[in-house]
Amino acid sequence: MASKLKKALTRLVDAAKHLNIDPIILERWASPKATTHARLTIQMDDGSHKHFPALRCRYDDTRGPTKGGIRYHPSVTADEVETLALLMTVKCAVVDLPFGGGKGGVQIDPHPLSKTELERLARGYVRCFAHVIGPNRDIPAPDVNTNATTMAWMADEYASIVGEWTPTVTTGKPISLGGSLGRDDATARGGYYLLQFLAKDLGFTPGARAAIQGFGNAGSHMAQLLESAGYKIVAVSDSKGAIRCPAGLDIKKLNAAKERNGGVTSFASSDGVSRIAADELVSVDCDLLVLAALEDMVHAGNAANVKAPIILELANGPITLEADEILKNRGVVILPDILANAGGVAVSHFEWVQNRQGDRWLIEDIHARLKTKMEEEGAAIWACAKDKNITLRSAAYVHALSRLVDAIEAKGT
Ligand SMILES: NC(=O)C1=CN([C@@H]2O[C@H](COP(=O)(O)OP(=O)(O)OC[C@H]3O[C@@H](n4cnc5c(N)ncnc54)[C@H](O)[C@@H]3O)[C@@H](O)[C@H]2O)C=CC1
Ligand SMILES: O=C(O)CCC(=O)C(=O)O
(Lines give C-alpha, C1' and ligand atoms only; values in the text may rest on other atoms or scores of the structure.)
(Ligands and ions follow the chains in the order given, each with its own letter.)
Protein backbone atom coordinates (compact mmCIF):
# COMPACT_ATOMS: atom_id res chain seq x y z
CA MET A 1 0.00 0.00 0.00
CA ALA A 2 1.26 3.49 -0.86
CA SER A 3 2.50 5.45 2.12
CA LYS A 4 0.41 8.32 3.49
CA LEU A 5 3.11 10.68 2.26
CA LYS A 6 3.04 9.31 -1.29
CA LYS A 7 -0.74 9.69 -1.35
CA ALA A 8 -0.56 13.23 0.02
CA LEU A 9 2.05 14.16 -2.59
CA THR A 10 -0.31 13.27 -5.43
CA ARG A 11 -2.36 16.36 -4.49
CA LEU A 12 0.74 18.52 -4.94
CA VAL A 13 1.70 16.84 -8.20
CA ASP A 14 -1.85 17.28 -9.56
CA ALA A 15 -1.79 20.97 -8.67
CA ALA A 16 1.55 21.39 -10.43
CA LYS A 17 -0.17 20.43 -13.69
CA HIS A 18 -2.07 23.73 -13.54
CA LEU A 19 1.19 25.70 -13.27
CA ASN A 20 4.13 25.54 -15.56
CA ILE A 21 6.50 24.09 -12.98
CA ASP A 22 9.91 22.67 -13.71
CA PRO A 23 9.71 18.98 -12.57
CA ILE A 24 13.13 19.37 -10.94
CA ILE A 25 11.69 21.96 -8.58
CA LEU A 26 8.79 19.68 -7.72
CA GLU A 27 11.18 16.83 -6.87
CA ARG A 28 12.47 18.68 -3.85
CA TRP A 29 9.16 18.13 -2.07
CA ALA A 30 9.09 14.38 -2.70
CA SER A 31 10.69 13.80 0.69
CA PRO A 32 11.34 15.82 3.86
CA LYS A 33 14.45 17.91 4.39
CA ALA A 34 15.08 16.04 7.65
CA THR A 35 13.28 13.77 10.06
CA THR A 36 14.91 13.18 13.43
CA HIS A 37 14.02 10.10 15.47
CA ALA A 38 14.60 9.63 19.18
CA ARG A 39 13.87 7.23 21.99
CA LEU A 40 12.16 9.32 24.63
CA THR A 41 12.60 7.85 28.10
CA ILE A 42 10.64 9.11 31.08
CA GLN A 43 10.52 8.13 34.69
CA MET A 44 7.01 7.15 35.77
CA ASP A 45 5.63 8.11 39.17
CA ASP A 46 6.21 4.57 40.46
CA GLY A 47 9.94 4.90 39.72
CA SER A 48 9.93 2.68 36.60
CA HIS A 49 11.13 3.94 33.22
CA LYS A 50 9.19 3.86 29.96
CA HIS A 51 10.43 4.45 26.44
CA PHE A 52 8.48 5.97 23.56
CA PRO A 53 9.38 6.59 19.90
CA ALA A 54 9.49 10.34 19.25
CA LEU A 55 10.03 12.33 16.05
CA ARG A 56 10.39 15.80 14.66
CA CYS A 57 10.19 16.40 10.93
CA ARG A 58 11.34 19.59 9.20
CA TYR A 59 9.75 19.08 5.81
CA ASP A 60 10.71 22.24 3.98
CA ASP A 61 12.12 25.60 5.04
CA THR A 62 12.16 27.44 1.70
CA ARG A 63 9.83 30.17 2.99
CA GLY A 64 11.12 30.38 6.57
CA PRO A 65 11.65 28.41 9.79
CA THR A 66 9.68 25.18 9.89
CA LYS A 67 6.46 25.39 11.90
CA GLY A 68 3.99 22.84 13.14
CA GLY A 69 2.44 21.10 16.10
CA ILE A 70 3.47 18.18 18.26
CA ARG A 71 1.05 15.29 18.60
CA TYR A 72 0.85 12.62 21.31
CA HIS A 73 -1.02 9.59 19.96
CA PRO A 74 -0.52 5.81 19.78
CA SER A 75 -0.85 5.93 15.97
CA VAL A 76 2.09 8.35 15.46
CA THR A 77 4.55 7.05 12.85
CA ALA A 78 7.27 8.66 10.74
CA ASP A 79 4.96 8.42 7.71
CA GLU A 80 2.17 10.26 9.55
CA VAL A 81 4.44 12.98 10.95
CA GLU A 82 6.09 13.56 7.56
CA THR A 83 2.71 13.75 5.83
CA LEU A 84 1.47 16.28 8.38
CA ALA A 85 4.72 18.26 7.98
CA LEU A 86 4.17 18.37 4.22
CA LEU A 87 0.66 19.70 4.86
CA MET A 88 2.15 22.38 7.12
CA THR A 89 4.52 23.42 4.34
CA VAL A 90 1.62 23.86 1.96
CA LYS A 91 -0.67 25.45 4.59
CA CYS A 92 1.85 28.13 5.58
CA ALA A 93 2.19 29.03 1.90
CA VAL A 94 -1.61 29.05 1.41
CA VAL A 95 -1.99 31.78 4.03
CA ASP A 96 1.32 33.45 3.16
CA LEU A 97 3.13 33.05 6.49
CA PRO A 98 6.94 33.36 6.52
CA PHE A 99 7.26 29.74 7.63
CA GLY A 100 8.04 26.36 6.18
CA GLY A 101 6.42 23.17 7.42
CA GLY A 102 7.27 20.85 10.28
CA LYS A 103 5.54 18.47 12.66
CA GLY A 104 6.41 16.31 15.63
CA GLY A 105 4.97 13.44 17.52
CA VAL A 106 5.36 10.89 20.28
CA GLN A 107 3.87 7.43 19.89
CA ILE A 108 2.02 7.27 23.18
CA ASP A 109 -1.46 7.29 24.68
CA PRO A 110 -1.04 10.22 27.08
CA HIS A 111 -4.40 9.76 28.84
CA PRO A 112 -3.22 7.40 31.61
CA LEU A 113 -0.23 9.67 32.47
CA SER A 114 -0.27 11.84 35.59
CA LYS A 115 0.46 15.57 35.36
CA THR A 116 4.04 15.04 36.54
CA GLU A 117 4.58 12.28 33.98
CA LEU A 118 3.19 14.54 31.24
CA GLU A 119 5.60 17.27 32.32
CA ARG A 120 8.53 14.83 32.15
CA LEU A 121 7.34 13.77 28.67
CA ALA A 122 7.24 17.37 27.39
CA ARG A 123 10.63 18.20 28.88
CA GLY A 124 12.07 14.92 27.60
CA TYR A 125 10.85 15.75 24.10
CA VAL A 126 12.74 19.04 24.16
CA ARG A 127 15.91 17.37 25.46
CA CYS A 128 15.65 14.95 22.49
CA PHE A 129 15.14 17.69 19.91
CA ALA A 130 16.78 20.83 21.34
CA HIS A 131 19.31 20.67 18.51
CA VAL A 132 16.51 20.58 15.91
CA ILE A 133 14.03 23.17 17.18
CA GLY A 134 14.78 26.87 17.68
CA PRO A 135 13.10 30.26 17.29
CA ASN A 136 14.47 30.82 13.77
CA ARG A 137 14.76 27.18 12.82
CA ASP A 138 11.77 25.07 13.85
CA ILE A 139 8.93 26.21 16.10
CA PRO A 140 6.56 23.68 17.67
CA ALA A 141 2.95 24.31 18.72
CA PRO A 142 0.05 22.24 20.09
CA ASP A 143 -1.69 19.53 18.10
CA VAL A 144 -3.69 16.43 19.11
CA ASN A 145 -3.40 15.76 22.88
CA THR A 146 -0.99 18.64 23.53
CA ASN A 147 -1.95 22.11 24.75
CA ALA A 148 -0.74 25.42 26.20
CA THR A 149 0.65 23.73 29.31
CA THR A 150 2.69 21.34 27.13
CA MET A 151 4.12 24.37 25.26
CA ALA A 152 4.98 26.11 28.55
CA TRP A 153 6.93 23.09 29.82
CA MET A 154 8.69 22.80 26.45
CA ALA A 155 9.67 26.49 26.32
CA ASP A 156 10.89 26.32 29.93
CA GLU A 157 13.02 23.23 29.22
CA TYR A 158 14.46 24.90 26.12
CA ALA A 159 15.33 27.97 28.25
CA SER A 160 17.24 25.83 30.72
CA ILE A 161 19.21 24.22 27.87
CA VAL A 162 20.15 27.44 26.03
CA GLY A 163 20.50 29.51 29.20
CA GLU A 164 17.91 32.18 28.44
CA TRP A 165 14.14 32.55 28.21
CA THR A 166 13.28 32.24 24.51
CA PRO A 167 9.52 32.63 24.10
CA THR A 168 9.72 32.40 20.29
CA VAL A 169 10.71 28.72 20.47
CA THR A 170 7.10 27.52 20.85
CA THR A 171 3.70 29.04 20.16
CA GLY A 172 0.36 28.26 21.73
CA LYS A 173 1.84 29.05 25.16
CA PRO A 174 -0.25 30.20 28.15
CA ILE A 175 -0.98 33.97 28.08
CA SER A 176 1.10 34.41 31.27
CA LEU A 177 4.20 33.15 29.40
CA GLY A 178 3.81 35.21 26.23
CA GLY A 179 1.05 33.24 24.56
CA SER A 180 -1.17 35.22 22.23
CA LEU A 181 -4.71 36.16 23.01
CA GLY A 182 -6.95 34.27 20.61
CA ARG A 183 -4.65 31.29 19.97
CA ASP A 184 -6.93 28.95 21.96
CA ASP A 185 -9.84 29.12 19.50
CA ALA A 186 -7.86 30.26 16.43
CA THR A 187 -8.12 27.03 14.43
CA ALA A 188 -11.90 27.00 14.72
CA ARG A 189 -12.25 30.76 14.34
CA GLY A 190 -10.24 30.79 11.11
CA GLY A 191 -12.53 28.09 9.69
CA TYR A 192 -15.56 29.97 10.96
CA TYR A 193 -14.46 33.25 9.30
CA LEU A 194 -13.88 31.38 6.05
CA LEU A 195 -17.31 29.76 6.23
CA GLN A 196 -19.01 33.08 6.97
CA PHE A 197 -17.16 34.73 4.11
CA LEU A 198 -18.25 32.07 1.61
CA ALA A 199 -21.68 31.48 3.18
CA LYS A 200 -23.62 33.25 0.45
CA ASP A 201 -21.83 31.42 -2.36
CA LEU A 202 -22.25 28.15 -0.50
CA GLY A 203 -25.90 28.76 0.33
CA PHE A 204 -25.15 28.33 4.04
CA THR A 205 -27.53 30.37 6.18
CA PRO A 206 -28.03 30.93 9.96
CA GLY A 207 -30.24 28.24 11.42
CA ALA A 208 -28.42 25.61 9.32
CA ARG A 209 -27.55 22.32 11.04
CA ALA A 210 -23.97 21.19 11.66
CA ALA A 211 -22.47 17.87 12.80
CA ILE A 212 -18.98 17.94 14.30
CA GLN A 213 -16.58 15.01 14.44
CA GLY A 214 -13.98 15.48 17.20
CA PHE A 215 -14.70 17.61 20.24
CA GLY A 216 -11.24 18.74 21.32
CA ASN A 217 -9.62 22.12 20.80
CA ALA A 218 -10.72 22.58 17.18
CA GLY A 219 -14.15 20.90 17.32
CA SER A 220 -15.44 22.27 20.63
CA HIS A 221 -14.50 25.86 19.78
CA MET A 222 -16.17 25.49 16.39
CA ALA A 223 -19.33 24.26 18.11
CA GLN A 224 -19.33 27.34 20.34
CA LEU A 225 -18.77 29.75 17.45
CA LEU A 226 -21.47 28.19 15.29
CA GLU A 227 -23.98 28.03 18.14
CA SER A 228 -23.36 31.70 19.04
CA ALA A 229 -24.01 32.65 15.40
CA GLY A 230 -27.39 30.89 15.38
CA TYR A 231 -26.52 27.54 13.82
CA LYS A 232 -27.75 24.27 15.30
CA ILE A 233 -25.24 21.62 16.33
CA VAL A 234 -27.20 18.43 15.76
CA ALA A 235 -24.45 15.85 16.46
CA VAL A 236 -20.93 15.63 17.87
CA SER A 237 -18.46 12.85 18.53
CA ASP A 238 -15.16 12.16 20.25
CA SER A 239 -12.92 9.11 20.55
CA LYS A 240 -15.40 7.44 22.91
CA GLY A 241 -18.59 7.80 20.87
CA ALA A 242 -21.17 10.15 19.36
CA ILE A 243 -24.41 11.88 20.33
CA ARG A 244 -27.25 13.38 18.36
CA CYS A 245 -29.92 15.98 19.09
CA PRO A 246 -32.04 17.09 16.10
CA ALA A 247 -33.27 20.17 18.00
CA GLY A 248 -29.69 21.35 18.57
CA LEU A 249 -27.26 20.66 21.44
CA ASP A 250 -26.69 23.19 24.22
CA ILE A 251 -22.92 23.56 23.80
CA LYS A 252 -22.25 25.22 27.17
CA LYS A 253 -23.98 22.37 28.98
CA LEU A 254 -22.27 19.81 26.76
CA ASN A 255 -18.85 21.31 27.58
CA ALA A 256 -19.65 21.19 31.30
CA ALA A 257 -20.73 17.54 31.02
CA LYS A 258 -17.54 16.73 29.09
CA GLU A 259 -15.41 18.44 31.76
CA ARG A 260 -17.13 16.45 34.51
CA ASN A 261 -17.18 13.07 32.82
CA GLY A 262 -14.41 13.14 30.23
CA GLY A 263 -16.44 12.58 27.06
CA VAL A 264 -19.39 13.86 25.03
CA THR A 265 -21.41 10.65 25.38
CA SER A 266 -22.07 11.43 29.06
CA PHE A 267 -24.46 14.11 27.73
CA ALA A 268 -26.68 11.43 26.18
CA SER A 269 -28.82 11.37 29.34
CA SER A 270 -30.00 14.97 28.66
CA ASP A 271 -33.37 15.82 27.13
CA GLY A 272 -33.64 15.01 23.41
CA VAL A 273 -30.03 13.78 23.19
CA SER A 274 -29.42 10.21 22.06
CA ARG A 275 -26.28 8.17 21.65
CA ILE A 276 -25.35 6.99 18.15
CA ALA A 277 -22.47 4.86 16.87
CA ALA A 278 -19.28 6.90 16.42
CA ASP A 279 -19.06 6.12 12.70
CA GLU A 280 -22.67 7.26 12.18
CA LEU A 281 -21.56 10.86 12.75
CA VAL A 282 -20.46 11.43 9.16
CA SER A 283 -23.82 10.25 7.82
CA VAL A 284 -26.03 12.40 10.08
CA ASP A 285 -28.58 14.48 8.18
CA CYS A 286 -27.19 18.06 8.32
CA ASP A 287 -26.13 21.06 6.21
CA LEU A 288 -22.48 21.17 7.30
CA LEU A 289 -20.11 18.42 8.37
CA VAL A 290 -17.12 19.65 10.38
CA LEU A 291 -14.25 17.14 10.54
CA ALA A 292 -12.14 17.96 13.60
CA ALA A 293 -10.65 14.63 14.71
CA LEU A 294 -7.96 12.71 12.86
CA GLU A 295 -6.85 11.71 9.34
CA ASP A 296 -8.71 9.40 6.96
CA MET A 297 -12.04 9.54 8.82
CA VAL A 298 -14.03 9.88 5.58
CA HIS A 299 -12.95 7.09 3.25
CA ALA A 300 -14.15 5.00 0.32
CA GLY A 301 -16.28 2.96 2.72
CA ASN A 302 -18.39 5.82 4.10
CA ALA A 303 -18.08 8.77 1.66
CA ALA A 304 -21.27 7.78 -0.14
CA ASN A 305 -23.18 8.07 3.16
CA VAL A 306 -22.25 11.72 3.80
CA LYS A 307 -25.46 13.76 3.66
CA ALA A 308 -24.02 17.22 4.22
CA PRO A 309 -23.54 19.30 1.04
CA ILE A 310 -20.60 21.15 2.65
CA ILE A 311 -17.62 19.75 4.59
CA LEU A 312 -15.24 21.93 6.56
CA GLU A 313 -11.92 20.26 7.37
CA LEU A 314 -10.53 21.48 10.69
CA ALA A 315 -8.57 18.24 11.03
CA ASN A 316 -5.54 17.62 8.86
CA GLY A 317 -6.15 15.11 6.08
CA PRO A 318 -9.54 13.82 7.31
CA ILE A 319 -10.67 12.77 3.80
CA THR A 320 -8.82 10.11 1.80
CA LEU A 321 -8.01 10.55 -1.90
CA GLU A 322 -10.64 7.97 -2.84
CA ALA A 323 -13.32 9.68 -0.71
CA ASP A 324 -12.37 13.06 -2.21
CA GLU A 325 -13.22 11.71 -5.64
CA ILE A 326 -16.53 10.22 -4.50
CA LEU A 327 -17.54 13.47 -2.79
CA LYS A 328 -16.50 15.56 -5.79
CA ASN A 329 -18.66 13.43 -8.08
CA ARG A 330 -21.57 13.89 -5.68
CA GLY A 331 -21.12 17.69 -5.73
CA VAL A 332 -20.14 18.00 -2.05
CA VAL A 333 -18.12 21.19 -1.48
CA ILE A 334 -15.05 20.71 0.72
CA LEU A 335 -13.36 23.63 2.47
CA PRO A 336 -9.91 22.03 2.59
CA ASP A 337 -7.66 21.63 5.65
CA ILE A 338 -4.72 23.63 4.27
CA LEU A 339 -7.01 26.68 4.15
CA ALA A 340 -9.84 25.95 6.58
CA ASN A 341 -7.67 25.07 9.60
CA ALA A 342 -4.90 27.59 8.92
CA GLY A 343 -6.24 29.95 11.60
CA GLY A 344 -4.23 28.04 14.22
CA VAL A 345 -0.86 28.56 12.59
CA ALA A 346 -1.83 32.10 11.53
CA VAL A 347 -2.35 33.12 15.16
CA SER A 348 0.80 31.16 16.08
CA HIS A 349 2.57 33.50 13.69
CA PHE A 350 0.97 36.50 15.44
CA GLU A 351 2.28 35.08 18.75
CA TRP A 352 5.79 34.66 17.36
CA VAL A 353 5.75 38.25 16.05
CA GLN A 354 4.45 39.62 19.38
CA ASN A 355 7.19 37.70 21.24
CA ARG A 356 9.84 39.10 18.90
CA GLN A 357 8.45 42.61 19.46
CA GLY A 358 8.09 42.08 23.21
CA ASP A 359 4.51 43.28 22.77
CA ARG A 360 0.95 42.10 23.30
CA TRP A 361 -1.77 42.79 20.74
CA LEU A 362 -5.42 43.34 21.60
CA ILE A 363 -7.84 40.49 20.96
CA GLU A 364 -9.78 42.78 18.58
CA ASP A 365 -6.61 43.25 16.48
CA ILE A 366 -5.95 39.53 16.41
CA HIS A 367 -9.49 38.72 15.31
CA ALA A 368 -9.40 41.47 12.66
CA ARG A 369 -6.04 40.29 11.26
CA LEU A 370 -7.17 36.67 11.22
CA LYS A 371 -10.46 37.56 9.52
CA THR A 372 -8.66 39.58 6.84
CA LYS A 373 -6.23 36.75 6.19
CA MET A 374 -8.91 34.08 5.89
CA GLU A 375 -11.03 36.29 3.64
CA GLU A 376 -8.18 37.38 1.36
CA GLU A 377 -6.80 33.88 0.86
CA GLY A 378 -10.31 32.41 0.72
CA ALA A 379 -11.32 34.87 -2.02
CA ALA A 380 -8.19 34.11 -4.07
CA ILE A 381 -8.72 30.36 -3.78
CA TRP A 382 -12.44 30.62 -4.57
CA ALA A 383 -11.61 32.67 -7.69
CA CYS A 384 -8.88 30.21 -8.76
CA ALA A 385 -11.29 27.26 -8.35
CA LYS A 386 -13.92 29.01 -10.51
CA ASP A 387 -11.38 30.15 -13.10
CA LYS A 388 -9.79 26.71 -13.55
CA ASN A 389 -12.96 24.72 -12.83
CA ILE A 390 -11.23 22.73 -10.10
CA THR A 391 -12.05 21.90 -6.48
CA LEU A 392 -11.23 24.31 -3.67
CA ARG A 393 -8.62 21.81 -2.47
CA SER A 394 -6.87 21.77 -5.86
CA ALA A 395 -7.08 25.56 -6.02
CA ALA A 396 -5.52 25.87 -2.55
CA TYR A 397 -2.63 23.64 -3.66
CA VAL A 398 -2.16 25.70 -6.83
CA HIS A 399 -2.19 28.91 -4.75
CA ALA A 400 0.42 27.53 -2.31
CA LEU A 401 2.61 25.95 -4.93
CA SER A 402 2.99 29.16 -6.89
CA ARG A 403 4.23 30.90 -3.70
CA LEU A 404 6.63 28.06 -2.91
CA VAL A 405 8.02 28.09 -6.44
CA ASP A 406 8.39 31.89 -6.39
CA ALA A 407 10.45 31.58 -3.20
CA ILE A 408 12.72 28.92 -4.67
CA GLU A 409 13.22 30.88 -7.85
CA ALA A 410 13.97 34.02 -5.84
CA LYS A 411 16.68 32.12 -3.97
CA GLY A 412 18.10 30.92 -7.25
CA THR A 413 18.65 27.35 -6.07
N1 LIG B 1 -4.86 22.46 17.74
C2 LIG B 1 -4.56 23.16 16.65
O3 LIG B 1 -4.14 24.32 16.73
C4 LIG B 1 -4.76 22.59 15.30
C5 LIG B 1 -5.28 21.32 15.11
N6 LIG B 1 -5.48 20.86 13.85
C7 LIG B 1 -6.00 19.53 13.61
O8 LIG B 1 -7.31 19.41 14.16
C9 LIG B 1 -7.53 18.04 14.53
C10 LIG B 1 -7.95 18.01 15.99
O11 LIG B 1 -6.91 18.60 16.76
P12 LIG B 1 -7.16 19.23 18.21
O13 LIG B 1 -8.56 19.65 18.33
O14 LIG B 1 -6.06 20.16 18.46
O15 LIG B 1 -6.89 17.94 19.09
P16 LIG B 1 -7.51 17.55 20.51
O17 LIG B 1 -6.61 16.51 21.06
O18 LIG B 1 -7.80 18.76 21.30
O19 LIG B 1 -8.92 16.91 20.08
C20 LIG B 1 -9.04 15.79 19.26
C21 LIG B 1 -10.49 15.33 19.38
O22 LIG B 1 -10.73 14.28 18.44
C23 LIG B 1 -11.38 13.23 19.11
N24 LIG B 1 -11.18 11.98 18.41
C25 LIG B 1 -10.08 11.20 18.34
N26 LIG B 1 -10.33 10.09 17.62
C27 LIG B 1 -11.62 10.21 17.21
C28 LIG B 1 -12.47 9.39 16.44
N29 LIG B 1 -12.05 8.23 15.93
N30 LIG B 1 -13.74 9.81 16.19
C31 LIG B 1 -14.20 10.98 16.70
N32 LIG B 1 -13.43 11.80 17.45
C33 LIG B 1 -12.16 11.40 17.70
C34 LIG B 1 -10.79 13.25 20.50
O35 LIG B 1 -11.59 12.53 21.44
C36 LIG B 1 -10.83 14.76 20.76
O37 LIG B 1 -12.12 15.17 21.12
C38 LIG B 1 -6.23 17.31 14.23
O39 LIG B 1 -6.30 16.76 12.94
C40 LIG B 1 -5.20 18.42 14.25
O41 LIG B 1 -4.04 18.09 13.53
C42 LIG B 1 -5.26 21.63 12.75
C43 LIG B 1 -4.77 22.89 12.88
C44 LIG B 1 -4.40 23.43 14.15
O1 LIG C 1 0.27 26.59 15.27
C2 LIG C 1 1.11 25.98 14.67
O3 LIG C 1 2.27 26.30 14.58
C4 LIG C 1 0.78 24.69 13.93
C5 LIG C 1 -0.57 24.12 14.16
C6 LIG C 1 -0.63 22.79 13.46
O7 LIG C 1 0.04 21.87 13.84
C8 LIG C 1 -1.47 22.65 12.29
O9 LIG C 1 -1.91 23.65 11.70
O10 LIG C 1 -1.71 21.49 11.89
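The rules behind each value
Residues numbered from 1 in each chain as written. Chains lettered and ligands numbered in written order. Predicted model: local features only at pLDDT ≥ 70, side-chain atom pairs only at ≥ 80, totals over all residues. Heavy atoms only, no water. UniProt positions renumbered as here; feature names shortened; annotations may be inferred. Contact = heavy atoms within 4.5 Å. Pairing = 2+ DSSP bridges. Helix = DSSP H or I, 4+ residues; strand = E, 2+ residues; numbered from the N terminus. Axes fitted to C-alpha atoms, helices over the stretch in contact; angles between N-to-C directions. Patch = residues over 30% accessible without salt bridge, like charges linked within 9 Å, V, L, I, M, F, W, Y side chains within 5 Å. Areas by Shrake-Rupley, 256 points an atom, 1.4 Å probe, with all protein chains shown as cover. Salt bridge = Lys/Arg side-chain N within 4 Å of Asp/Glu carboxyl O. Lys, Arg positive; Asp, Glu negative; His and termini not counted. Charge placed at Lys NZ, Arg CZ, Asp CG, Glu CD. 1 Å grid on protein atoms, 1.4 Å probe; cavity = no way out; pocket = protein on both sides within 12 Å on 5 of 7 lines; lining within 4 Å. Points joined across faces, edges and corners; volume = space filled by probe spheres on them. Nonpolar A, V, L, I, M, F, W, Y, C, P; charged D, E, K, R; others polar.

Glancing now at the UniProt feature "active site" (unreviewed entry) in the chain. Feature annotation in UniProt assigns "active site" (unreviewed entry) to the following positions: Lys103. For Lys103, the residues in contact, after removing those within four places along its chain, are Arg56, Cys57, Gly68, Gly69, Val81, Leu84, Ala85, Met88, Asp143 and Asn316.

Turning next to the sheet that holds strand S2 (residues 49–60). On the basis of which strands lie adjacent, the open sheet formed by 5 strands has the order S1-S2-S4-S3-S5 and mixed pairing. Looking at which strands have only one partner, the edges of the open sheet turn out to be strand S1 (34–43) and strand S5 (138–142). Strand-to-strand twist across the sheet, computed as the mean angle between neighbouring axes with direction ignored, equals 25 degrees. Note: strand S3 (residues 66–73) against S5, 5 bridges, orientation parallel. Note on S5: the bridge partner recorded for Ile70 is Pro142. Strand contacts of helix H4 (residues 115–129): S1, S2, S3 and strand S4 (100–107), with the helix running at about 140 degrees to S1, the strand carrying the most contacts.

On the surface, Asp22, Glu27, Asp406 and Glu409 cluster together into a negatively charged patch. Looking at where Glu27 falls in the secondary structure, it is placed in helix H2 (residues 23–27).

Right, let's get into the layout of surface pockets. One number sums up the size of the second largest pocket: a volume of about 700 Å³. Forming the boundary of the second largest pocket are 23 residues, of which Lys328, Ile390, Thr391, Leu392 and Ser394 lie nearest the centre. Split into classes, the residues belonging to the lining of the second largest pocket amount to 10 nonpolar, 6 polar and 7 charged.

Right, let's talk about the sheet that holds strand S6 (residues 209–213) for a bit. Strand order in the open sheet made by the 7 strands is S9-S8-S7-S6-S10-S11-S12, with mixed pairing throughout. Each edge of the open sheet is held by one strand with a lone partner, namely strand S9 (274–276) and strand S12 (333–335). Within the sheet, the average angular offset between the axes of one strand and its neighbour, ignoring direction, is 20 degrees. When S6 meets strand S7 (residues 232–238), the two strands line up parallel, connected through 5 bridges. Pairing of Arg209 across the sheet is with Lys232, part of S7.

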